[in-house]
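Spelled out, the chains give:
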Amino acid sequence: MCAVSLAAVMASPVAAQELKIGLSSEPSALDPHFHNLGPNNAMRRHMYDSMVLQDESQQLKPGLATSWKPTDDTTWEFTLRQGVTFHDGSPFTARDVVYTVCRIPAVEDSPSSFTVYTKAIAGLEVKDDHTLIVKTDKPYPLLPVEVSTWGVLSATANGVAGDITFSRDGCSGTGDFPKTQAFNDGSKANGTGPFKFKEFTRGEKIVLERNESYWGDKPAWQTVTFRPITSNGPRVAALLAGDVDMIDKPPLQDLERIKSEGFEVAQGLSNRVIYLHFDHEQEPTPGIDGTGGKNPFKDMRVREAVSKAINREAIVARIMGGVAVPAGELLPQGMFGSTPGAEHDGYDPDGAKKLLADAGYGDGFKLVLGSPNDRYINDAQIAQAVAQMLARVGITTEVDAMTKSTFFARRNKYEFSLYMAGWGSGTGEMSSPLRALVATRDKEKGMGGTNRGRYSNPELDAMIEKALATVDDDKREAILREASQVAMKNYAILPLHYEVTPWAYRKGLSYTPRTDQYTIATGVTPAN
Amino acid sequence: MLVYFLRRLGQSLLVIAAMAVLVFIGVYAIGSPIDMMIAPDADQAEMEAAIARLGLDKPLWEQFFIFVSNALQGDLGNSFVYATPAAELILSKLPATLELAFLALVFAVFLGVPLGMIAGLKPNSIAGKTIMTGSIMGFSLPNFWQGMMLIFVFSVILRGFLPSGGRGETVDLLGIPVSFLTADGLSHMLLPAINLALFKTSLVIRLARAGTREAALQDYVKFARAKGLSERRIVLVHIAKNIMIPVVTILGLELGSMIAFAVVTETVFAWPGMGKLLIDSIQALDRPVVVAYLMLTVFMFIVINLVVDMLYCLLDPRVRLSEAKA
């Protein structure tokens, strides 16, 4: 005991300046434009600022741009922050933003490109060093949120001296762009963010250093070390052993244990909804038996019956240990486009049976429910619970749970008549789940990308498209609310619950949970 | 010896060709890597572009043909996730795995052989029985559980006596980062090496014990004893040398599996070696890395077996003579 307390006393002055975080997933690169995926995006925010930032609840706030406004339907003006320097000392100007937008499509072999967030940009014009004009083809309200998803590089530090001319088909004056490797080894790791690159050994650690000349609030930590510890048990053990100060995504079943050992847990609602999607298209539909070849989910009464048969409160209480919130929409309360007071269907097995009888399925039918078993928190158990609840109203349900890579491949081949999956809204507004999950699939318009139930409702499509072309925030939010209600009322999709993200850390720290589930060292502060 | 070598080489090439077909089809036929790595908000056009860029829109036979023709030129493809050559990625993880495997091998040999010989020479003593019971535990308790228990005892209960995972401080030896030359690195290696060695040590104990019991009754041992040699010399020279053949054979194979499939240990201890890379790549469906990994593994096993066979020739003159005739 003596040795332990002595060690604790000796460790504390160092610990005040150094933070070690155990991560459940490692970024695939430190290049801010290489891979548009959660772990990379979270790490990017340490080293590379964007023009607009997203706070803990994904509200937009000024970053490298101090303000922005639409000057007409298709033009935006960004006023950039004065006196900001990159880590190497070169000053930040509008030219750096143009350089960045030019580089994004040029990143070689990007597994998931950031072009989704730049392709709306039709023109860029440097009015002066700190004013940038952005042109879009049509009214595009998502522009500020999209520029918050990519970090800005320095043109000067990458050897560009002259002017850069932006063009969608290829910029001129940019020279050769730095390669991804140059960001991983640190030679070109140069942003304006609160932390600077220090060391990266893949699979082992990422070490960052405080940027002493940061323009915003300086972080509390001199050094931050991220260690990827992908398995849950060892990650918890590393925290309990004191090898790391903080971990993300501790397994729900270990939370009590972690608290009882004197550690703290922070929990926050995320932007991720877990939902059930129906096959709205095929007839007969795979996995359904006892309906005489008909697809029962084409009948809205059956979809409503499924919703009423599910006890969302019980799933949250029993399967999720209370660490989730029952969902009545695709985005939690308080986020942009959610309807205040939106309620989910109450648990009503008798009502469900009656609806099934009305629809001609009084004797029920057989169903296979597809689900991943390693993608979302307790996903396979949730699917099992849903299956049991459906069985109680006469829909004999078998769960087909599988590893995520197989699940998504099969889902995309439309092999399930009912499947469970999740959606996190990267933009933090209702247009994201609506456009992806319930808009009619349309490659040209970029709609319905993840609508693997192939739901289609022209009325809803028109509303979503209208919202996506309405620059005025209040008007857009009103349209999105209405669209969300239409989707819910028609049982296009069944939201089950919103995931709540836990973090665990040693006493003496505090972390403000983020809806985007990112672990960001600037949000970790020594508690006073 | 040369004929023997050439014949084995021919067999080895056949095995590599067969494995290439099996591994490639096995790995490329399942799942959809795009869904693992693309951002969910990418639209259909983006998705199709990504599929085309990775060549996943081509039929399987065409992808296989491209793989083989590149492989013959020494290119095992680029990682889908990291966009760097798969072989390079795997080899960059090799030093971490090798030093762990060798430390585990040292534990297995220097603990296993003496303990096994004691158990073999004095099978009915308390020491002998304890050793054998211990080896049963080493065999039967799951590797994952052993690792978690090691962490639990040495890191959690004894707060920070040994680190719970990671590689610790490394220094460059001939340009390769290694941990075994620093105190911090060694302390990080200890638990995973023990974890990796437990099963192998038990195996060696059993082999050494069986060998010792058999050898102790052989005529040449009796003769040595009759000649009046010291017990020490009989055990260390006459018995020890003769039980080593099965031990070397098994350890040769086991070294291969320790290098190639230290997956469990590396995962439990977050050890940044090849096993961890393999499991991460399987989860991310990073097909080129998985295929390259398995092909390199096949290659390594073949080389190790070749070396083991050559070692037989050196250790046992009978093999040498019979192979020379064949």
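Source: prediction; values computed, not measured.

**Let's talk about the overall build of chain B**
Reasoning step 1: In terms of helices and strands, chain B carries 14 helices and two strands.
Reasoning step 2: Burial analysis of chain B (326 residues in total) assigns 38% to the buried set.
Reasoning step 3: Here the contacts in chain B between residues at least 6 apart in sequence split such that 71% fall between residues at least 24 apart.

**Regarding unusual backbone geometry**
Residue and element names in this part refer to chain A.
Reasoning step 1: The linkage connecting Glu 283 with the following residue, Pro 284, adopts the cis geometry, with an omega of -5°.
Reasoning step 2: By secondary structure assignment, the location of Pro 284 is in the loop between strand 12 (264-278) and helix 8 (300-309).
Reasoning step 3: Even without a glycine there, the phi angle at Gln 58 is positive, about 60°.
Reasoning step 4: Summarising the element assignment, Gln 58 is placed in the loop between strand 2 (52-54) and strand 3 (60-62).
Reasoning step 5: Located in the positive-phi region is Tyr 491, a residue other than glycine, with phi close to 50°.
Reasoning step 6: Under the C-beta neighbour-count criterion, Tyr 491 is labelled buried, with 20 such atoms within 10 Å.

**Concerning the pairing of strand 14 (residues 365-372) of chain A**
Residues and elements named next belong to chain A.
Reasoning step 1: Alignment of strand 14 against strand 15 (residues 395-402), held across eight bridges, turns out to be parallel. Each bridged residue has a counterpart across the sheet, and for Lys 366 the counterpart in strand 15 is Thr 396.
Reasoning step 2: Running through helix 11 (residues 379-392), the crossover from strand 14 to the neighbouring parallel element strand 15 is right-handed.
Reasoning step 3: By the bridge criterion, two bridges tie strand 14 to strand 16 (residues 418-424) in an arrangement that is parallel. The partner of Gly 370 across the bridge, within strand 16, is Tyr 419.

**Describing the packing of helix 12 (residues 274-284) of chain B against helix 13 (residues 287-315) of chain B**
When two helices pack together, their arrangement is given by the angle between their axes and by how far apart the axes lie.
Residue and element names in this part refer to chain B.
Reasoning step 1: Where helix 12 meets helix 13, the closest approach of the two axes is 8 Å, and the angle between their N-to-C directions is 140°. Put simply, helix 12 runs oblique to helix 13. Handedness of the helix 12/helix 13 crossing: left-handed. Together, Met 274, Leu 277, Leu 278, Ser 281 and Ile 282 of helix 12 and Val 289, Val 290 and Tyr 293 of helix 13 make up the contact between the two elements.
Reasoning step 2: Of the residues belonging to the contact of helix 12 with helix 13, the class tally is seven nonpolar, one polar and no charged.

**Remarks on the sheet that holds strand 7 (residues 131-136) of chain A**
Residue and element names in this part refer to chain A.
Reasoning step 1: Read across the open sheet, the four strands follow the order 4-5-7-6; overall the sheet is antiparallel. Lying at the two open borders of the sheet, with one neighbouring strand each, are strand 4 (65-72) and strand 6 (121-128). The average angle at which neighbouring strand axes cross in this sheet is 20°, direction not considered.
Reasoning step 2: Across six bridges, strand 6 lies against strand 7 in antiparallel orientation. Looking at the pairing, Leu 124 lines up with Val 134 of strand 7.
Reasoning step 3: Sitting on the sheet, helix 3 (residues 94-103) is in contact with strand 5 (75-80), strand 6 and strand 7, with an inclination near 160° to strand 6.

**Observations regarding the packing of helix 13 (residues 431-438) of chain A against helix 15 (residues 473-489) of chain A**
Residue and element names in this part refer to chain A.
Reasoning step 1: At a closest axis distance of 10 Å, the pairing of helix 13 and helix 15 adopts a crossing angle of 40°. The orientation of helix 13 relative to helix 15 falls into the category oblique. For the element pair helix 13 and helix 15, the recorded crossing hand is left-handed. Of the residues in helix 15, those in contact with Ser 431, Leu 434 and Val 438 of helix 13 are Leu 480, Ala 483, Ser 484 and Ala 487.

**Some remarks on helix 3 of chain A**
All names here are of chain A.
Reasoning step 1: Across the 10 residues of helix 3, 10 count as buried, placing the element largely inside the fold.
Reasoning step 2: The set of residues buried in helix 3 consists of Ala 94, Arg 95, Asp 96, Val 97, Val 98, Tyr 99, Thr 100, Val 101, Cys 102 and Arg 103.
Reasoning step 3: Residues of helix 3 that are buried make contact with strand 5, strand 6 and strand 7.

Thresholds, definitions, all that
- Residues numbered from 1 in each chain as written.
- Chains lettered and ligands numbered in written order.
- Predicted model: local features only at pLDDT ≥ 70, side-chain atom pairs only at ≥ 80, totals over all residues.
- Helix = DSSP H or I, 4+ residues; strand = E, 2+ residues; numbered from the N terminus.
- Buried ≥ 20, exposed ≤ 12 C-beta atoms within 10 Å, placed from the backbone.
- Contact = placed C-beta atoms within 7 Å.
- Pairing = 2+ DSSP bridges.
- Right-handed = clockwise from strand over helix to strand, strands pointing away.
- Axes fitted to C-alpha atoms, helices over the stretch in contact; angles between N-to-C directions.
- Parallel < 35°, antiparallel > 145°, perpendicular 65-115°, else oblique.
- Left-handed = near helix turned anticlockwise from the far one by under 90°.
- Nonpolar A, V, L, I, M, F, W, Y, C, P; charged D, E, K, R; others polar.

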